[in-house]
Amino acid sequence: MSSGPYLLEVQALKTYFYTFYGVARAVDDVSLQLAPGEVLGLVGESGCGKSVTAQSILRLIPEPPGRIVHGRILFDGHDILAIPMDEMRSIRGKRISMIFQEPMSSLNPVYTIGDQIGEMFSLHRGSSKRESLDRAVDMLRKVQIPAPERRVHEYPHQLSGGMRQRAMIAMALACNPEILIADEPTTALDVTVQAQILNLMMQLRRDYETAIILITHDLGVIAETATRVVVMYAGKVAEEASTPVIFEDPKHPYTVGLLRSIPKLGERSQGQETRLSEIPGMVPGLLDLPNGCTFHPRCPEVMGICREQMPDLFGVGQGRLVRCWLYGR
Amino acid sequence: MKAGEVEALLDVQNLKVHFPIKKGLFSKTVGHVYAVDGVSLTLRKGETLGLVGESGCGKTTAGLAILRLIRPTSGTVIYDGKEITRMAGAELRPLRRDLQMIFQDPYSSLNPRMTVNQILSDPMDIHGLYPGGARRERIAFLLEKVGLSPEHGRRYPHEFSGGQRQRIGIARALALNPQVIVGDEPVSALDVSIRAQILNLLLDLQREFDLSYIIVAHDLAVVEYICNRIAVMYLGKIVENALYRDLYTNPKHPYTQALLSAVPIPDPKKVKKRLILEGDVPSPIQPPSGCHFHPRCPYRMEICDRKDPALKDVGGGHEVSCFLY
């Protein structure tokens with residue numbers, strides 16, 4: 001891919017955690033690009049580094065034990081890892097904002113919804129209290145919360161899970177950010193509410209051209225929303241491709257295994273009485289990673305070299321990248 | 001029960017579980033949570049029944065009440081010809097051998113201070129089974145059946161991954177040679193790549209030990225993969241009950257249709273027409289009048305907020321509770 005005008009470029013990011021038991025390389029040499037208006041899906045299982053990558057972009061890594069030890073994150077031409085913290089604060093929430101998995105623990109229980117959304121306006125725009133509250137009501141209306149004039153005075157515990165997640169989205173989008181990072185935004189929600197929230201996010205993306213980084217373990221959510229997919233495994237990018245391509249023709253044995261191991265709705269009912277194929281073994285711990293390719297103990301196509309050396313990300317055309325010895329050397 | 005049917009192993013009729021809400025100094029009952037509000041089900045030998053629905057629909061409570069881990073408010077549960085609804089204390093003990101449970105969270109459902117050997121021994125101690133040397137053999141057998149090795153028995157739960165812990169939970173459920181196992185969201189807490197392992201394990205064990213399962217889950221694709229018959233719950237009631245093939249290819253109830261259409265499909269080529277429901281599931285403390293689903297139903301009619309539709313067979317054992325039929 002030619003180096004187009006990216007909104008955000010993560011270059012060779014390494015975020016390590018220095019624990020009593022050793023160094024956990026949570027994010028180990030990850031590079032990503034995000035174009036304006038794009039929805040980049042970040043997929044992987046627990047411990048693969050997808051959330052830590054997102055937290056690194058906003059510099060929310062708790063230090064210690066964590067530390068960004070290497071890499072650059074270019075936003076609008078500047079390395080935001082190098083700017084002072086107070087400058088970072090003016091980017092956070094205003095130009096890059098984030099929504100989290102658990103809306104109950106990411107909203108402050110002792111402030112009303114209106115106070116918390118309004119703070120975005122008073123902090124970043126210098127609005128008065130009255131004005132902030134009015135705009136908070138507008139935001140709640142935009143995310144389709146019924147009776148926003150009443151809800152704005154309520155506390156988080158008075159809202160249902162779906163409404164809390166909407167309130168979070170309202171807060172994240174209050175200042176019209178250029179980038180929205182959504183970390184498992186619908187995992188804690190029921191499917192019918194998940195459909196509402198995803199619909200809302202995609203609608204807001206169309207209306208405001210916000211670029212989205214969507215972090216999830218749910219390949220169904222990715223297939224329906226993302227334009228491009230990055231699959232992570234044990235702190236590294238395993239594969240990257242556009243969404244139709246990765247589902248049609250996955251290359252990395254991990255991606256292949258993952259796609260084959262999930263039950264697909266309607267498949268058995270339509271007569272395909274197939275047994276799910278399993279990926280053997282388990283997700284490795286970050287303190288105890290296998291040598292060579294970290295996927296090799298679970299890989300059905302393992303070769304001699306896989307046990308010794310970590311493969312690079314090989315380009316296989318059309319902007320596709322695969323970290324596997326089957327595709328280069 | 002309908003004529004000509006194989007006798008049910010478990011027969012649940014009009015099961016209700018209402019939790020009182022108590023307030024004030026004298027714990028006055030100020031209302032009830034209508035968690036399960038008239039559920040009827042049958043489970044045949046060797047069958048897998050799925051109970052699906054969204055959070056708060058009462059599926060877990062129904063599972064617990066069927067196993068008699070909580071006391072139902074009313075209704076009957078008949079297991080193997082015996083009514084077990086009103087049993088208490090020692091009467092229930094032999095039942096516990098036959099009816100077992102697998103829990104959702106493999107972290108909190110295993111005692112962290114016991115080794116795997118102790119965890120698996122406990123139920124056998126209580127029931128006085130496999131004494132002496134037979135015990136060790138039995139534990140080795142169980143561990144092997146769930147894909148672990150006898151050496152794992154000396155370890156503690158924290159030394160295992162989530163998938164392995166779920167295997168230990170399954171071994172514990174198998175320890176007493178049960179007839180029925182209720183699995184409450186058995187794979188939802190596991191990593192995606194591990195779920196297939198556990199689902200396949202459950203299928204293999206069912207075949208080998210002739211088990212009957214009730215699987216409580218919210219993931220419709222998972223339920224489709226392992227269940228023969230599926231009951232969809234909404235606010236304490238069953239709205240549809242059908243064989244898996246009928247339910248997925250020909251869903252009748254508007255709620256089932258919405259639920260199925262809301263599931264994201266991991267295939268970008270299959271663009272679905274989506275039926276998006278408005279609003280959230282109402283509180284089971286004050287369920288809506290008439291059909292509980294009517295405030296969110298795209299097809300609601302005049303009758304729906306006045307009368308509660310009964311579960312009706314619309315052909316081939318496909319039951320729906322909706323005035324459209």
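Presented here is a report on the structure given in the accompanying data block. Everything quoted here is computed from the prediction, not taken from an experiment. (Residues numbered from 1 in each chain as written. Chains lettered and ligands numbered in written order. Predicted model: local features only at pLDDT ≥ 70, side-chain atom pairs only at ≥ 80, totals over all residues.)

### Some thoughts on the overall build of chain A
Along the backbone of chain A there are 11 helices and 12 strands. In terms of overall size, chain A behaves like a compact globule, its C-alpha atoms giving a radius of gyration of 21 Å where 329 residues would be expected to give roughly 20 Å. Counting only C-alpha atoms and orienting by the principal axes, one finds that chain A spans roughly 65 × 55 × 40 Å. Expressed as a percentage of its 329 residues, the buried residues of chain A come to 47%. Expressed as a percentage of contacts within chain A between residues at least 6 apart in sequence, the contacts between residues at least 24 apart total 63%. (Helix = DSSP H or I, 4+ residues; strand = E, 2+ residues; numbered from the N terminus. Rg over C-alpha atoms; globule rule 2.2 N^0.38 Å. Buried ≥ 20, exposed ≤ 12 C-beta atoms within 10 Å, placed from the backbone. Contact = placed C-beta atoms within 7 Å.)

### A word on the sheet that holds strand β4 (residues 66–75) of chain A
Pairing between the strands of a sheet is mediated by backbone hydrogen bonds and can be parallel or antiparallel. Residues and elements named next belong to chain A. Judged by pairing direction, the sheet is antiparallel, and its four strands sit side by side in the order β2-β1-β4-β5 without closing on themselves. Strands with a single pairing partner mark the edges of an open sheet, and in this sheet they are β2 (22–34) and β5 (78–79). For strand β1 (residues 8–19) and β2, the ladder comprises 10 bridges, and the chain directions are antiparallel. Bridge pairing in β2 places Y18 opposite V23. (Pairing = 2+ DSSP bridges.)

### Observations concerning unusual backbone geometry
P64 of chain A follows E63 of chain A through a cis peptide bond whose omega is -20°. Along the chain, the position of P64 of chain A falls in the loop between α1 (50–57) and β4. Along the chain, P64 of chain A connects to P65 of chain A via a cis peptide bond; the corresponding omega equals 10°. You can see P65 of chain A is positioned in the loop between α1 and β4. Unusually for a residue other than glycine, A12 of chain A sits at a positive phi of about 45°. Along the polypeptide, A12 of chain A turns up in strand β1. Taking the number of C-beta atoms within 10 Å as the measure of exposure, A12 of chain A has 11 and is therefore exposed. Its identity is not glycine, yet Y130 of chain B carries a phi of approximately 45°, on the positive side. Since 18 C-beta atoms lie within 10 Å of it, Y130 of chain B is described here as partly exposed.

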